[in-house]
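# Working through the structure, step by step
Listed here are the chains, written in short residue letters.
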Amino acid sequence: MPCLKILTNIPKSQIPRDFVDKIIPLLAKILKKPENKFTCVISGDCYISFAGESKSPGATATLESIGNLGPNENRVIVKELTDFIEKEIGVHRDRFFLTFYDLSSYNVAKSGVTVEAASESQK
Ligand SMILES: O=C1C=C2C[C@@H](C(=O)O)NC2=CC1=O
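Bear in mind that the values here come from a model prediction, so they are computed numbers and not experimental data.

About the cut-offs
- Residues numbered from 1 in each chain as written.
- Predicted model: local features only at pLDDT ≥ 70, side-chain atom pairs only at ≥ 80, totals over all residues.
- Heavy atoms only, no water.
- pLDDT = per-residue confidence, 0-100.
- Axes fitted to C-alpha atoms, helices over the stretch in contact; angles between N-to-C directions.
- Helix = DSSP H or I, 4+ residues; strand = E, 2+ residues; numbered from the N terminus.
- Parallel < 35°, antiparallel > 145°, perpendicular 65-115°, else oblique.
- Left-handed = near helix turned anticlockwise from the far one by under 90°.
- Contact = heavy atoms within 4.5 Å.
- Buried < 20%, exposed > 50% of the residue type's maximum accessible area, 1.4 Å probe, protein only.
- Pairing = 2+ DSSP bridges.

### Topic: the confidence of the model for the protein chain
Looking at the protein chain as a whole, the pLDDT averages 97, with 100% of positions reaching at least 70. Across the assembled chains, the prediction reports ipTM 0.89 with pTM 0.95.

### Focus on the packing of helix 1 (residues 19-31) against helix 2 (residues 71-89)
Between helix 1 and helix 2, the shortest axis-to-axis distance is 10 Å and the interhelical angle comes to 165 degrees. In terms of orientation, helix 1 lies roughly antiparallel with respect to helix 2. In this structure, helix 1 crosses over helix 2, and the sense of that crossing is right-handed. Contacts between helix 1 and helix 2 involve Phe19, Lys22, Ile23, Leu26, Leu27, Lys29, Ile30 and Leu31 from the first element and Ile77, Glu80, Leu81, Phe84, Ile85, Glu88 and Ile89 from the second.

### Some remarks on the pairing of strand 3 (residues 59-65)
If a strand is regular, its side chains alternate between the two faces of the sheet. Across the seven residues that make up strand 3, a large majority, five, are buried. Here six bridges tie strand 1 (residues 3-8) to strand 3, and the two strands are oriented antiparallel to one another. In the sheet register, leucine 4 faces strand 3, and the bridge partner there is leucine 63. The pairing of strand 3 with strand 4 (residues 96-102) spans seven bridges and is classified as parallel. Bridged to threonine 62 within strand 4 is threonine 99.

Structure, rendered in structure tokens:
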């Protein structure tokens, strides 16, 4: 699944329960993939030292996808995700760090088979 994983020092009690549900339509739009393909995990209450400081809200995230990432795509994606995270959990954009991983389909598996093998068996 395209997967967004977020670690933040925001207390879990201050992360809206529907955060992971609200972000899925945005991920689907910006990655141009169906909503039912996505996973989002957010972990609050983490200890994070960000730019030498650990008291203010901060977050670090990874976004993994098979394709639909690239130099131009990532510029749009980071802008949209940064706006969303700033609005929804109050992490200032200067304290949000995102890393992109463009994965090969043989390095991703679901339901006990790699995505590469699953797509070959559909041919
Ligand atoms: O990163 C991706 C992972 C998957 C799994 C597969 C599926 O759920 O059917 N399709 C995917 C697309 C991805 O981009």
